[in-house]
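# An overview of the molecular structure
Residues per chain are reported as follows:
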Amino acid sequence: MAIPYNLRKLTSSESKLRIFSSNNDGQLNESLENAAFINGYDLFTYFPAKYNDRNKKALLEDLMLNKKYVPSKYDLLITRFNPRQLPNHYTLDQHNDLSKSYSFVSNVFDYKPTDDSNSVEWHMNFANCDIFSYYHSSLLAQDELQVLECPLLACLREYLIKQDNATDKGDQYFDTHVIENNSPYPILICNVERAVDLNTKNLYGNKFSTSSESTVLNSYTLLNPPQIINLIAIEAPKYGYGSYTHQQIEYILQACFTAYSAAKVLANTAYELKTHQSVKASLKTYIHTGWFGCGAYGGDRTIMIVLQILAAKMAGIDKLIFHTVTNNCENEIDVAENCLKQIFSSGQNQLSINELINGIINKNFQWGASNGT
């Protein structure tokens, strides 16, 4: 594909230089596989969404024609990171560090910012292996909902699938997969406009496509101004059975650790994109997550709490906010927190990663079944 000459976009090398100028992390050079700053308005203009579902088409048309939505002319940033090796050891000091916390909230993502102006927040996208690849379909699961609420994500997908291996300026091809050879390659997207707030109470999952157009149009609100959000896309293991294996647990830890570390590395760049100001103070990193791989993929909810908290501790994330959707999750939370309390035996100050994983294997967490969404 020949990229339209007036699409405002930095090449991969130019984008990496811009990121490096905002960050002095020594590991960034080898961990950042690809990056692209792209003008949001140009994406919307040259790569329009191509919905197959009638209700998604109707919502977008209503948003543009009746609500007069037009995206800003600011850049978004898409990045892809190489897998990051898990640390050799997990220490008791890391485990007990109260400055790195987690909390549970009984709601879905609302994307409202915290009161801490020196923080950068990220929300998980529980991705298919190929990001946003089902956005156009009749399904409305978490991934498709984020694309519907953030119209530029559909345009970004259209841009990415129209690449070829010889894009102009000799630019590096951007791989859209978050897993490769059974290893995680997280994709992080900064400075995305969330322009739609859709009430999914009676629309989530397969209900969306069978609902009337009027029901869908009466269930959304235009956000003006839009919320500016940052997303982390990784894929969970899927359709397992029996007990969790060493390989499965290690993959989940590595995927989350790589993604969370990348979010921390990109904090300065994300802050500057959103505020149009240079960073003047040390930034905290907050990550909003939830039941990663526990819906259609059939993962166990308790082990996913445990592994995400451990990965956040390893990555030095200041706060992990776990959205449980409902308030009837006390049992899973209690079992997970008891497991975390038993990670270290008396007198132990550190564990090798293999020791840590084997301890979790001994808890005999079991795969569940897909919920069909």
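See the structure printed just above.
Residues numbered from 1 in each chain as written. Predicted model: local features only at pLDDT ≥ 70, side-chain atom pairs only at ≥ 80, totals over all residues. Heavy atoms only, no water.

### So, the overall build of the protein chain
Helix and strand content of the protein chain: 14 helices and 12 strands. Taken over the C-alpha atoms alone, the protein chain extends approximately 65 × 50 × 40 Å along its principal axes. Relative to its full complement of 373 residues, the protein chain shows a buried share of 54%. Contacts in the protein chain between residues at least 24 apart in sequence constitute 84% of all its contacts with a sequence separation of at least 6. As presented, the protein chain carries roughly 16600 Å² of accessible surface, and 47% of it is formed by carbon and sulfur atoms. For the protein chain, the distance from the average site of its 31 positive side-chain charges to the average site of its 38 negative ones is 4 Å. (Helix = DSSP H or I, 4+ residues; strand = E, 2+ residues; numbered from the N terminus. Buried < 20%, exposed > 50% of the residue type's maximum accessible area, 1.4 Å probe, protein only. Contact = heavy atoms within 4.5 Å. Areas by Shrake-Rupley, 256 points an atom, 1.4 Å probe, with all protein chains shown as cover. Lys, Arg positive; Asp, Glu negative; His and termini not counted. Charge placed at Lys NZ, Arg CZ, Asp CG, Glu CD.)

### Digging into unusual backbone geometry
That bond from Asn 224 to Pro 225 is cis: its omega, 10°, falls within 30 degrees of zero. With phi around 60°, His 276 is a residue other than glycine that occupies positive phi space.

### Some points on helix H4 (residues 54–66)
Counting along an α-helix, one turn takes 3.6 residues, and residues three or four places apart therefore face a common direction. Given a rise of 1.5 Å per residue, 13 residues ought to cover 18 Å, and the 17 Å separating the end C-alpha atoms of H4 matches this to within 8%. Listed in full, the buried residues belonging to H4 are Asn 55, Lys 56, Ala 58, Leu 59, Leu 60, Asp 62 and Leu 63. Buried residues along H4 sit in contact with helix H6 (142–149), helix H7 (151–161), strand E8 (187–198), helix H8 (207–210), helix H9 (213–217) and strand E9 (220–234). Capping the start of H4 is the job of one residue whose side-chain oxygen sits 3.0 Å from the backbone nitrogen of Asn 55: Asp 53. Among the residues trailing H4, Lys 68 stands out with phi positive, at a value near 60°. (Expected span 1.5 Å × (residues − 1). Polar contact = N/O pair within 3.5 Å; in protein donor to acceptor, adjacent residues only side chain to side chain.)

### Topic: the pattern of salt bridges
A full pass over the atoms with the stated rule returns 15 salt bridges. The partner of Asp 62 in a salt bridge is Lys 67, and the shortest N-O contact between them spans 3.0 Å. Judged by its relative accessible area of 34%, Lys 67 falls in the partly exposed class. Measuring nitrogen to oxygen at the nearest pair gives 3.1 Å for the salt bridge that ties Arg 301 to Glu 332. Taken together, the residues Arg 301 in helix H12 (residues 301–315) and Glu 332 in helix H13 (residues 330–341) connect sequence positions 31 residues apart. Glu 332 sits in the buried class, given a relative accessible area of 18%. (Salt bridge = Lys/Arg side-chain N within 4 Å of Asp/Glu carboxyl O.)

### Some points on the pairing of strand E11 (residues 319–323)
Counting buried positions along E11 yields 4 of 5 residues, so the element is predominantly enclosed. Where strand E4 (residues 101–105) lies against E11, 5 bridges are found, and the strand directions are parallel. Among the inter-strand pairings, Phe 104 is bridged to a residue of E11, identified as Phe 322. Across 4 bridges, the pairing between strand E10 (residues 284–289) and E11 is parallel. The partner of His 288 across the bridge, within E11, is Ile 321. Since E10 and E11 lie parallel, the crossover through H12 that links them has a hand, and here it is right-handed. (Pairing = 2+ DSSP bridges. Right-handed = clockwise from strand over helix to strand, strands pointing away.)

### Observations regarding the packing of helix H10 (residues 246–265) against helix H14 (residues 353–361)
The description of two packed helices rests on the angle between their axes and on the distance between the axes. As a packed pair, H10 and H14 sit with axes 10 Å apart at the nearest point and diverge in direction by 120°. As judged from the angle between their axes, H10 and H14 are oblique. As for how H10 packs across H14, the hand of that crossing is right-handed. Residues His 246, Ile 249, Glu 250 and Leu 253 of H10 pack against Asn 354, Ile 357, Asn 358, Ile 360 and Ile 361 of H14. Classifying every residue of the contact of H10 with H14 gives 5 nonpolar, 3 polar and 1 charged. (Axes fitted to C-alpha atoms, helices over the stretch in contact; angles between N-to-C directions. Parallel < 35°, antiparallel > 145°, perpendicular 65-115°, else oblique. Left-handed = near helix turned anticlockwise from the far one by under 90°. Nonpolar A, V, L, I, M, F, W, Y, C, P; charged D, E, K, R; others polar.)

### Looking at the packing of aromatic side chains
Summed over the entire model, instances satisfying the criterion amount to 11 aromatic pairs. Residues Phe 126 and Phe 292 carry aromatic rings whose centres are separated by 5.6 Å and whose planes lie at 35° to one another, so their mutual orientation is tilted. Placement of Phe 126 in strand E5 (residues 119–126) and of Phe 292 in the loop between E10 and H12 is noted, with a sequence separation of 166 residues between them. Across the pair, Phe 292 and Phe 126 agree in class, each one buried. Pairwise contacts between aromatic rings join Tyr 102, Phe 104, Trp 291 and Phe 322 into one cluster. (Phe/Tyr/Trp six-rings, centres within 6.5 Å; stacked < 30°, edge-to-face > 60°.)

### Thoughts on helix H11 (residues 267–275)
Buried within H11 we find Ala 267, Thr 269, Ala 270, Tyr 271 and Leu 273. Looking one or two residues past H11, His 276 carries a phi angle of roughly 60°, positive in sign.

### A few points about the environment of Ser 106
Position of Ser 106 relative to the elements: it lies in the loop between E4 and E5. Residue Ser 106 is classed as partly exposed on the basis of its relative accessible area of 44%. Between the C-alpha atoms of Ser 106 and His 323, which are 217 residues apart in sequence, the distance is 5.8 Å. Those residues in contact with Ser 106 that lie beyond four places of it in its chain are Thr 324, Val 325, Thr 326 and Asn 327.

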